[in-house]
Amino acid sequence: MRRTMSGVGYVYDPLYLEHELPGHPERPERLRAIMSHLEESGLVSQMTKVEPRDATIPELRFVHTESLIEEVAATAGVDRHRFDADTYGSARSYDAALRAAGGTLAATEAVLRGEIDSAFCFVRPPGHHATPDRPMGFCLFNNVAVATARALEEPGIDRVAIIDIDVHHGNGTQDIFYDDPRVLYFSTHQFPHYPGTGHWTEIGSGDGEGATTNVPLPAGSGDDTYRRCYTEICAPAVRRFRSQFIFVSAGFDAHFADPLAGILLSARGYYNIATLIRELAGELCEGRLVYALEGGYDLTAIAWSARACVDTLLGNPFAEDPLGAGPAVPGPDIEPLLVEVKRQHTL
Ligand SMILES: [Zn+2]
């Protein structure tokens, strides 16, 4: 079929800016910074807009309990709500969360229909800490998990990989699919750190044993360490799994400039990881690849790191960013960790 649209889609909706709590790090300016950078650099015009929709309650029920859905829905129209010490709701948070999950669904469906090959969902609130029954860690509904459940409904899609590059462990996503052999969850994250989960001994359970792969990294890990984790563990794990669709939980808080964590990735480091992920999607999944925004709290770092990922989807070279390379400090010795993770997963 002759393509009339760009092969790379994106999702954005101004409603995503209406989830807000003054002074909170998970703020609308994050998304504004990314979108204005992509517009100014001309990248938005190289992508195809995918119109977001609202997730339906039955779609949310694939991964969340009725009580979680009701808890979030009850905050509609409420100016200020605290789900926990970190996680807030504002008057339009429920609407934004429905559309964040629904936007990720819309992108996934456009990829499944073959209208686009890949997409980046610029959504808020983020999702990967939301467990089946609890909003947490700034997250209300688990956008990537909801979309993964949708992809698995598609005839012929039986194996989906979720690659979580956020600096925090995606405990919610891990919980949701912990015993599901159809979902490979791979995460690199700072450890020990919030939320406390993600030890390498967490490998899934029951039929899903082995389908969860955690690479817990010490603070100070940088581009070289990440390159090893992705080439030596992520790529062989995703290949062996024969993934048919890849989602990326795209957190940019592993950037060295991020105020909430101590990992030292640069925008170029993100570009290199995203290049490898795109190659895997091309090799295994006919290109089917959907990114959804998670964390990242330094505005310059997230704008340029998101752009680096978009550039890999578009086949563009790396664009030098103003923050440059991370601090020139020797990385921690992760050899024993890699040996252990490889042994655990027979990689
Ligand atoms: Zn994070």
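Details of the structure are given in the entry above.
Presented here is an overview of the structure given in this document.

What counts, and at which threshold
- Residues numbered from 1 in each chain as written.
- Predicted model: local features only at pLDDT ≥ 70, side-chain atom pairs only at ≥ 80, totals over all residues.
- Heavy atoms only, no water.
- Donors = N, O, S within 2.8 Å, 3.2 Å for Na, K, Ca; no water.
- Tetrahedral: all angles 85-135°; square planar, octahedral: opposite > 155°, others 65-115°.
- Helix = DSSP H or I, 4+ residues; strand = E, 2+ residues; numbered from the N terminus.
- Phe/Tyr/Trp six-rings, centres within 6.5 Å; stacked < 30°, edge-to-face > 60°.
- Buried < 20%, exposed > 50% of the residue type's maximum accessible area, 1.4 Å probe, protein only.
- Salt bridge = Lys/Arg side-chain N within 4 Å of Asp/Glu carboxyl O.

## Let's talk about the coordination of the zinc ion
- Distances from the zinc ion to its protein donors, namely Asp-166 (OD), Asp-166 (OD), His-168 (ND1) and Asp-253 (OD), fall within the range 2.0 to 2.8 Å.
- Taken together, the 4 donor atoms coordinating the zinc ion and their angles of 52 to 152° define a geometry best described as irregular.
- Considered as a linear motif, the donors of the zinc ion on their single chain read D-x1-H-x84-D. Taken together, the residues span a long stretch of sequence, with His-168 in the loop between strand E6 (160-164) and helix H6 (171-176) and Asp-253 in the loop between strand E9 (245-250) and helix H8 (267-284) at a distance of 85 residues.

## Observations concerning the packing of aromatic side chains
- Scanning the model with the defined rule gives 11 aromatic pairs in all.
- Relative to Phe-252, the ring of Phe-120 has its centre 6.4 Å away and its plane inclined at 25°; by these criteria the two rings are stacked. Here Phe-252 lies in the loop between E9 and H8 and Phe-120 lies in strand E5 (residues 118-121), a separation of 132 residues in the sequence.
- Overall, the relative accessible area of 0% leaves Phe-252 in the buried class.
- Their ring planes at 70° and their centres at 5.0 Å tell us that Phe-252 and Tyr-270 sit as a pair that is edge-to-face. Pair noted here: Phe-252 is in the loop between E9 and H8 and Tyr-270 is in helix H8, with a separation of 18 residues, a long-range link.
- On the basis of relative accessibility, which here comes to 0%, the residue Tyr-270 falls in the buried class.

## Thoughts on unusual backbone geometry
- Here the amide bond leading from Phe-191 into Pro-192 is cis, since omega sits at -5°, within 30 degrees of zero.
- Residue position: Pro-192 is located in the loop between strand E7 (183-190) and strand E8 (212-217).
- Looking along the chain, the bond that leaves Tyr-194 and enters Pro-195 is cis, with omega of 0°.
- With phi around 75°, Phe-138 is a residue other than glycine that occupies positive phi space.
- Along the polypeptide, Phe-138 turns up in the loop between E5 and helix H5 (143-153).
- A residue is classified by how much of its surface remains accessible, and Phe-138, at 13% relative accessible area, is buried.

## Points about the pattern of salt bridges
- Tallying each qualifying case throughout the model produces 22 salt bridges.
- A salt bridge links Arg-53 to Glu-109; the shortest N-O distance between them is 2.9 Å. Of this pair, Arg-53 sits in the loop between strand E2 (48-49) and helix H2 (57-61) while Glu-109 sits in helix H4 (residues 93-112), and the two are 56 residues apart along the sequence.
- A relative accessible area of 14% means that Glu-109 is categorised as buried.

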